[in-house]
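Chains, contacts and geometry: an overview
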Amino acid sequence: MVWPWRRKSRRRMARIVVEGAISGSTRKRVLKALREVERREFPALLLRVDSPGGTVGDSQEIHAALLRLRDKGCKVVASFGNISASGGVYIGVAADRIVANPGTITGSIGVILRGNDLSRVFERIGIRFDTVKSGRFKDILSPDRPLGDDERELLQQLIDSSYGQFVGVVAAGRQLTTDQVKSFADGRVFSGEQALALGLVDELGDEEHARRLAAKIADLDEEKSRPITLGKERRKFSGLLPGSAVLHQLQTRVSLELMGNGQVLWLYRP
């Protein structure tokens, strides 16, 4: 049986938060929320980004979903919080407009891939690996030996390909030339104020400023249109325990280190 009507929100604004390192769990949560925005026909989306970036594929899928949402007529305004760098920028440039605080840390447009050479440690403690492989590059970035020159060249080509994709998306999203983007896309970070001068963001302001801008371009009442937050992370019981904030910070640091081992990342690592 088809329900005779569906819930719509044509005069309301949605809000989605992208917080912390971008990973598979972030992608699933955000894509589900974006589908809800489309289903309920919200005319505007306030995208709050407070992220140092993360995995490449997950960032690309969120970016693509935001563009599809815009094609459906939804106006998207990104609000950069404390930090919106690397993959956070990649997601943000899918918006119609970007608002950043003057002191927001942003930029870090670039790609990083890191492995660990532990061969001397293994040798010292008497551990040796025997590897059988189908091709000479199959165990590339293996921790039991240093990286060879031919392997380094191969990985550099991979990095350059990913970097080209990043630059192209930023150029298209911000209506800049690739040469303009490359002039500052060398991994450096900027303040929101510097990013404005470079054309990486449109306006300086807080999230309230971004909300009003989203209401304005979607022809909503700037005073009355309060956003509905979708895709909230589930609150865990451990978050209620004493010292949970410190534990959460530690877990975040560890996950960033694990994420950075052997993966191509769009990630700012302070």
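Residues numbered from 1 in each chain as written. Predicted model: local features only at pLDDT ≥ 70, side-chain atom pairs only at ≥ 80, totals over all residues. Heavy atoms only, no water.

On to the overall build of the protein. For the protein, the helix and strand inventory stands at nine helices and 10 strands. Looking at the 270 residues of the protein, the share that counts as buried comes to 42%. Across the protein, every contact between residues at least 6 apart in sequence was considered, and the portion connecting residues at least 24 apart equals 73%. On the protein, roughly 15500 Å² of surface is accessible, and the fraction owed to carbon and sulfur atoms is 51%. (Helix = DSSP H or I, 4+ residues; strand = E, 2+ residues; numbered from the N terminus. Buried < 20%, exposed > 50% of the residue type's maximum accessible area, 1.4 Å probe, protein only. Contact = heavy atoms within 4.5 Å. Areas by Shrake-Rupley, 256 points an atom, 1.4 Å probe, with all protein chains shown as cover.)

Right, let's get into helix 8 (residues 207-217). Because an α-helix packs 3.6 residues into every turn, residues spaced three or four apart end up facing the same way. Of the positions making up helix 8, those classed as buried are Glu207, Ala210, Arg211, Leu213, Ala214 and Ala215. Of the surrounding elements, those touching the buried residues of helix 8 are strand 1 (13-19), strand 2 (44-51), strand 4 (75-85), strand 5 (97-100), strand 8 (203-204) and strand 9 (227-230).

Across all of its chains, the model carries 19 salt bridges by this definition. In this structure, the salt-bridge partner of arginine 128 is aspartate 130, at a minimum N-O distance of 2.6 Å. In this pair, the class of arginine 128 matches that of aspartate 130, namely exposed. Put simply, aspartate 150 and arginine 136 hold a salt bridge, and the shortest N to O gap is 2.6 Å. Here aspartate 150 is found in helix 5 (residues 149-174), whereas its partner arginine 136 is found in the loop between helix 4 (119-125) and helix 5, with 14 residues between them in sequence. Several salt bridges converge on common partners, so that one network encompasses Glu208, Arg211, Arg212, Glu222, Glu223 and Arg226. (Salt bridge = Lys/Arg side-chain N within 4 Å of Asp/Glu carboxyl O.)

Before going further, it helps to examine the packing of aromatic side chains. Overall, the coordinates contain five aromatic pairs when judged by the stated rule. On the basis of an interplanar angle of 80° and a centroid distance of 5.8 Å, the ring pair of phenylalanine 184 and phenylalanine 190 is categorised as edge-to-face. A relative accessible area of 3% means that phenylalanine 184 is categorised as buried. A relative accessible area of 7% places phenylalanine 190 in the buried class. An aromatic cluster is built from Tyr90, Phe166 and Trp266, whose rings are joined through pairwise contacts. (Phe/Tyr/Trp six-rings, centres within 6.5 Å; stacked < 30°, edge-to-face > 60°.)

Considering the arrangement of structural elements, one finds arginine 114 in the loop between strand 6 (105-107) and helix 4. Sequence separation of arginine 114 and leucine 141 is 27 residues, and the distance between their C-alpha atoms is 8.3 Å.

The predicted model of the protein averages 89 in pLDDT, with 86% of residues at 70 or higher. A low-confidence stretch, residues 1-5 stays under pLDDT 50, and its non-local contacts, those more than four residues away or across chains, total zero contacts. (pLDDT = per-residue confidence, 0-100.)

What follows covers the environment of glutamate 151. Here glutamate 151 shows up in helix 5. As for glutamate 151 and arginine 136, which are separated by 15 residues in sequence, their C-alpha atoms are 9.2 Å apart. When neighbours within four sequence positions are excluded, glutamate 151 is seen to be in contact with Arg136, Phe137, Ile140, Arg145 and Pro146.

Moving on, we get to the side chain of serine 119. Of note, serine 119 is situated in helix 4. Its relative accessible area of 17% is what places serine 119 among the buried residues. Other than its neighbours up to four places away in sequence, serine 119 contacts Pro143, Asp144, Arg145 and Pro146.

This paragraph deals with the nonpolar core. Leu34, Val37, Leu45 and Leu66 are the most contacted members of the largest nonpolar core, which totals 49 residues. Tallying contributions element by element places helix 5 first for this core, with six residues. Discounting chain neighbours no more than four positions away, the residues touching leucine 34 are Ile16, Leu45, Ile62, Ala65, Leu66 and Leu69. By size, the runner-up hydrophobic cluster in this structure holds 11 residues, among which are Leu46, Val77, Ala210 and Ala218. (Core = buried A, V, L, I, M, F, W, Y, C linked by side-chain atoms within 4.5 Å.)

Of the two faces of strand 9, the one lined by Ile228 and Leu230 is fully buried and the one lined by Pro227 and Thr229 carries no buried residue. Sheet analysis places strand 1 next to strand 9, joined by four bridges and oriented parallel. Paired with arginine 15 across the bridge in strand 9 is threonine 229. (Pairing = 2+ DSSP bridges.)

Another point: helix 1 (residues 24-39). Between its terminal C-alpha atoms helix 1 stretches 23 Å, which fits the 22 Å expected from 16 residues at 1.5 Å a residue. Residues of helix 1 that are buried make contact with strand 1, strand 2, helix 2 (56-71) and strand 9. (Expected span 1.5 Å × (residues − 1).)

On to the packing of helix 1 against helix 2. Where helix 1 meets helix 2, the closest approach of the two axes is 9 Å, and the angle between their N-to-C directions is 5°. Looking at the two axes, helix 1 sits roughly parallel to helix 2. Counted together, Gly24, Thr26, Arg27, Val30, Leu31, Leu34, Val37 and Glu38 of helix 1 and Asp58, Glu61, Ile62, Ala65, Leu66 and Leu69 of helix 2 form the full contact between these two elements. (Axes fitted to C-alpha atoms, helices over the stretch in contact; angles between N-to-C directions. Parallel < 35°, antiparallel > 145°, perpendicular 65-115°, else oblique.)

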